[in-house]
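The chain contents come next:
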Amino acid sequence: MGHCLSFSFREGTAMPVGIFRVCLVVITAIINHPFLFPKENGTVPENTEEIIQKMKEREESLRLQKLRLEQEIADQEAAQQALEKAAKVVEEIKEEKVPWDMWTALSMVIFLLIELWRQDFQEGNWQDTGAEEDDMAVLGKAFKGVAFPDKATLASFYEKRILGTTGDMARMREMVEGFADDLLEALRSVCNRDADMEVEDCMGVGSMYENWRVRKPFVCDLIVPFAPPEPYCFRSQIWCSGDNFPPDEQGYGTIKVCRADEDVAGCICDKTKLGEDMLCLLHSQGNTSRPSSEMEDLLCFKNTQYLDADQVMKWFQIAVTKAWNKISHKYEFDLSFSLLDSPGALKIKFRSGKSVAFNLTPVVQYENSDVYFISHFPRNELAAELPSSTRWFLTFAVYERRFIQLISKTLPAGACHISCLQILSFLHGKQCSLTGPSGLTNYHLKTVLLHLLQARPGQDWAPEKLEARLQDMLKFLEKCLHEKKLYHFFIGNGKVPAELGFPITFQRAEPLNLFRPFVLHRDVYRKTVDTFHEMLRNTSALINEYTVHIPLAHTNGIHKESI
């Protein structure tokens, strides 16, 4: 536009100047030409030669001026042509603007598609990955050519390989719960009731208490709620409450340690007149947010009011050790921590050499619900490291157990829902022992079952429909793997039965995709899909192996085998 204005200005000013110059030369020539205006006497002057010489000089001067004018006129014409050409280009651009925008948008879409394709088939393995995607393009396509066991084979396998483990789990739960209650009672007695955390009774959660664990060693999972001493309390903040949580921290929250009489938005010292010789425990004289050493004693992260999971781990391990030292003389076994990075992973070692493992994990209750912040959560290779020790993961294990119990009351006698989960867990565990771990966990398998329990009517879970429902679970899992989407059953699910008393906050939250890490870790995703397809191909062989080759009389021996 700047160039166009410049051309227009030159055109508007140069043309009048040129015309003025031409007129000036003509007038000068007329005035000074001796033949047009002769002297009055009409005679030729005496100095004719001199006049002729001056006329020649004048003619030469006029010729040069004429050449100059012609050059200027040529320049003006060239400028005019350039201006007209520029105007034509502008008009052409205007005419082609809409199609150019369309082609630009189309080019951007093509570029994004190419980039997504490149990421999916990176590292030179695009041929194999493409074959995997093709296999999963249609729901159930991976089952084509797979010989799936019939009803009789599945029923025989379940009776011989899985059914007998239920009695073993019941005996182990009873023994572990009795010991855990004794240990926690001793823990309370060694703690300072006025200054230390208050520990409540433990609760059993997970596969051992939902009766579907099949792999050994059996491990009981117990959670232990704890609370700060008076006058302090916990105030929690979750990712869906409007607080500042990054998108990749869905499912996490923070726990703030406050005084019971402290306003959520501030400290009681801001609203109460303290004496000159008194100091707020939470703030310094400068009224900053720096807590005192007493807050650090309450397991907060340094210089904050937020509960620190690492501090909780150290406190709980020390407390459990003191409690065991007090009651160890009553038992004929040893107790030790089996995993250093998990605060409550304990192992009982009998003198006979046998051992029993269980997890006793401290948790914090979310408001008045049965949702809990858990200090340490079992991790797999898909899960990223916690962004901070002040970020706590939420567990819905109590509601999951309660939902299974509630839905079981509406199903036919001997319903096959637990059997499906047991068989699928067995197959996946056995496959992982052959080809290595994958990104799938038993929690993913249980989530698939919870979704199908809500989606299908009760009569579809009759015992004679075990084969059909097992295939449904596998097909649903196949679909979720293909889409890289498996949503958490409770978070964002508005159809949770009201009888559970589930917090409405989580029902209204955005759904949480448990398979989101597959988008970020494509090598793990590829390994997981490979393992899943290999498991499908080996299903009949695995089930027949534990059905045909293991006599019924040796069922008790099967129970002792570690898969």
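The chain is annotated in an unreviewed UniProt entry as Inositol 1,4,5-trisphosphate receptor-interacting protein of Anas platyrhynchos platyrhynchos. According to the UniProt record, the Sequence similarities (unreviewed entry) comment for the chain is "Belongs to the ITPRIP family." On record in UniProt, under Function (unreviewed entry), the comment for the chain is "Enhances Ca(2+)-mediated inhibition of inositol 1,4,5-triphosphate receptor (ITPR) Ca(2+) release."

### Concerning unusual backbone geometry
The residue after K216, namely P217, is reached through a cis peptide bond having omega 5°. Relative to the helices and strands, P217 resides in the loop between α7 (207–210) and β3 (219–227). With an omega of 5°, the peptide bond between E230 and P231 qualifies as cis. Of note in this structure, N303 is not a glycine but carries a positive phi near 60°. Within the secondary structure, N303 sits in the loop between α8 (293–297) and α9 (309–327). Although it is not a glycine, K484 sits at a positive phi angle of roughly 55°.

### Considerations on the side chain of D472
Mapped onto the fold, D472 is located in helix α13 (residues 466–483). Here R469 takes part through its side chain, which lies 2.8 Å from a polar atom of the side chain of D472. If we skip the residues at most four places from it in the chain, D472 touches L452 and R456.

### Here's the deal with α13
Taking 1.5 Å of rise per residue, 18 residues should cover 26 Å, and α13 covers 26 Å from first to last C-alpha, within 8% of that figure. When we look at burial in α13, the residues that qualify are L466, E467, R469, L470, D472, M473, L474, L477, E478, C480 and L481. Two residues or fewer past α13, K484 is found with a positive phi of approximately 55°.

### What to know about helix α11 (residues 417–435)
With 19 residues, α11 should reach 27 Å at 1.5 Å per residue; the first-to-last C-alpha distance of 27 Å fits that figure. Within α11, 16 of the 19 residues are buried, leaving the element largely enclosed by the surrounding structure. Of the residues one or two after α11, G436 is the one with positive phi, at around 100°.

### Quick word on the pattern of salt bridges
Under the definition given, this model contains 12 salt bridges. Between D370 and R402 there is a salt bridge, with its nearest N and O atoms 2.5 Å apart. You can see D370 sitting in the loop between β8 (355–365) and β9 (372–374) and its partner R402 sitting in helix α10 (residues 397–408), a full 32 residues away along the chain. Judged by its relative accessible area of 18%, D370 falls in the buried class. When its relative accessible area of 29% is taken as the criterion, R402 is described as partly exposed. Here the salt bridges share partners, and the residues they tie into one network are R456, D460, K465, R469 and D472.

### Considerations on the packing of helix α5 (residues 151–162) against α11
One way to put it is that α5 packs onto α11 with a least axis distance of 11 Å and a crossing angle of 75°. When the axes of α5 and α11 are compared, the pair comes out roughly perpendicular. Taken together, the residues of α11 that come into contact with α5 (itself represented by L154, F157, Y158, R161 and I162) are S419, Q422, I423 and F426. Here the contact of α5 with α11 is built from residues that sort into 6 nonpolar, 2 polar and 1 charged.

### With respect to the packing of aromatic side chains
Inspection of every chain in the model, using the stated rule, returns 27 aromatic pairs. Relative to F316, the ring of W315 lies with its centre 5.8 Å away and its plane at 55°, an arrangement referred to as tilted. With relative accessibility at 11%, the residue W315 sits in the buried group. In this structure F316 comes out as buried when scored by relative accessible area, which is 1%. Consider the rings of F489 and F490, whose centres lie 5.0 Å apart with planes at 85°: the pair is edge-to-face. Looking at F489, the relative accessible area reads 2%, which means it is buried. The side chain of R173 reaches across the aromatic face of Y209, ending 5.8 Å from its centre.

Scoring rules and cut-offs
- Residues numbered from 1 in each chain as written.
- Predicted model: local features only at pLDDT ≥ 70, side-chain atom pairs only at ≥ 80, totals over all residues.
- Heavy atoms only, no water.
- UniProt positions renumbered as here; feature names shortened; annotations may be inferred.
- Helix = DSSP H or I, 4+ residues; strand = E, 2+ residues; numbered from the N terminus.
- Polar contact = N/O pair within 3.5 Å; in protein donor to acceptor, adjacent residues only side chain to side chain.
- Contact = heavy atoms within 4.5 Å.
- Expected span 1.5 Å × (residues − 1).
- Buried < 20%, exposed > 50% of the residue type's maximum accessible area, 1.4 Å probe, protein only.
- Salt bridge = Lys/Arg side-chain N within 4 Å of Asp/Glu carboxyl O.
- Axes fitted to C-alpha atoms, helices over the stretch in contact; angles between N-to-C directions.
- Parallel < 35°, antiparallel > 145°, perpendicular 65-115°, else oblique.
- Nonpolar A, V, L, I, M, F, W, Y, C, P; charged D, E, K, R; others polar.
- Phe/Tyr/Trp six-rings, centres within 6.5 Å; stacked < 30°, edge-to-face > 60°.
- Lys NZ or Arg CZ within 6 Å of the ring centre and 35° of its normal.

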